[in-house]
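Examining the three-dimensional arrangement
This is what each chain is made of:
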Amino acid sequence: DKTYLLESRLLPIARTFKIETLPEFIRFMRTSPDEKVIAQVVDAMTTNESMFFRDQKPFEQFRQVILPRMKQVRGSGKIRIWSAACSNGQEPYSIAMCLLEESAKMPGFTYEIVATDISPRVLEKAKQGIYTQFEIQRGLPIQMLLKYFKQLPDSTWQANDTLRSMVTFRQQNLLDEIGMLGKFDVILCRNVLIYFDEATKRGILEKMSRMIDKNGVLLLGSTETVLGISDKYTMLENERGLHVLAA
């Protein structure tokens, strides 16, 4: 029932090889697998929906629950944060703005934000930190726009140097080995697991459980849960969407 979606996204790629139908393109992919073509297909088929401060609640929890928890259990030091499937960069930049807004309450702390996505195209946009008026209007408060962004001559808006310097963008497929990214105090994996079957969800959650610091927190999307999928986590203090490692 999603054939129309496949055709609309993949036929433009197929036609660059003078292939006119989807079945022909599939046969071509199977008989002549080419990494560059595969990358184009993956890029075309992934969903890159995002917005600043998406769903609001997780960012309130980040400021009001997670950061005070880090201050209590750590006292000072570096807090490492991973934004998985970061799309065009709105999520990690939203986290960066939260950190800057709360920095006065967190003396002695430094921050590292690692943002990953499977798509090189959206990562390039994220690195530039340039957004249209429409993208800006989706979730970004006006006071933060004026404080952390500058308007360019073409009426787009770019995240300022301070904001962009706080985030490191890397290409990463969650189905591959991810342990090389290191340990994190906070992992945001929001609205990602919904695209996978249960076995794949379990595998990703298992890998992430080995990457979360003992006092770390995992944030999932509002419609996502670990219940019935993984026993590696438990809910944090009745905070919906926030999970810590199970004892």
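In case you missed it, the structure is sitting above this.
Residues numbered from 1 in each chain as written. Predicted model: local features only at pLDDT ≥ 70, side-chain atom pairs only at ≥ 80, totals over all residues. Heavy atoms only, no water.

**Examining the environment of Ile212**
The test is simple: Per the convention used, a helix needs a DSSP run of H or I reaching at least four residues, while a strand needs a run of E reaching at least two, with both numbered from the N terminus. Here, residues are in contact when the closest pair of their heavy atoms is within 4.5 Å.
Structurally, Ile212 is set in strand E8 (residues 212-220). In this structure, the C-alpha to C-alpha distance between Ile212 and Gly182, residues 30 residues apart in sequence, is 8.8 Å. The residues contacting Ile212, other than those within four sequence positions of it, are Lys183, Phe184, Ile187, Val217, Leu218, Tyr233 and Leu245.

**Looking at the sheet that holds strand E6 (residues 167-171)**
Spelled out, the test is: At least two DSSP bridges between two strands are needed for those strands to be called paired. The axes used here are C-alpha line fits, helices contributing only the stretch in contact, and every angle between their N-to-C directions lies in the interval 0 to 180 degrees.
The strand order across the open sheet built from 7 strands is E6-E2-E1-E7-E8-E10-E9, with neighbouring strands paired in mixed fashion. Edge positions in the sheet fall to E6 and strand E9 (233-235), since each of these pairs with one other strand and no more. Adjacent strand axes in the sheet meet at a mean angle of 25°, parallel and antiparallel pairs treated alike. In terms of strand pairing, strand E1 (residues 77-83) meets strand E2 (residues 109-117) through 7 bridges, oriented parallel. Considered in E2, the bridge of Ser83 is made with Ala115. On the sheet, helix H4 (residues 57-74) packs against E1, E2, strand E7 (184-189), E8 and strand E10 (242-245) and is oriented at approximately 175° with respect to E8.

**Observations regarding the packing of helix H1 (residues 3-15) against helix H3 (residues 35-45)**
Convention followed: When an angle is under 35 degrees it counts as roughly parallel; over 145 it counts as roughly antiparallel; between 65 and 115 it counts as roughly perpendicular; any other value is oblique. Crossing chirality is assigned from the near helix's rotation relative to the far helix, an anticlockwise turn below a right angle marking it left-handed and a clockwise turn marking it right-handed. For this scheme, ten residues count as nonpolar: Ala, Val, Leu, Ile, Met, Phe, Trp, Tyr, Cys and Pro. Four count as charged, namely Asp, Glu, Lys and Arg, and the remainder, Gly too, count as polar.
Contact pair H1 / H3: the axes reach a minimum separation of 10 Å and the direction vectors enclose 150°. It follows from the interaxial angle that H1 and H3 lie roughly antiparallel. Considering the relative orientation of H1 and H3, their crossing is right-handed. Each of Leu6, Arg9, Leu10 and Ile13 in H1 lies in contact with H3, whose residues at this interface are Gln40, Val41, Ala44 and Met45. Residue classes in the contact of H1 with H3 are distributed as 6 nonpolar, 1 polar and 1 charged.

**Quick word on the sheet that holds strand E3 (residues 130-131)**
One open sheet holds the 3 strands; their spatial order is E3-E5-E4, and the pairing between them is antiparallel. In this open sheet, the two strands that pair with only one neighbour each are E3 and strand E4 (149-151). Taken together, the 2 bridges between E3 and strand E5 (residues 157-159) define a ladder with antiparallel strand orientation. Residue pairing for E5: Ile130 is matched across the bridge by Gln158.

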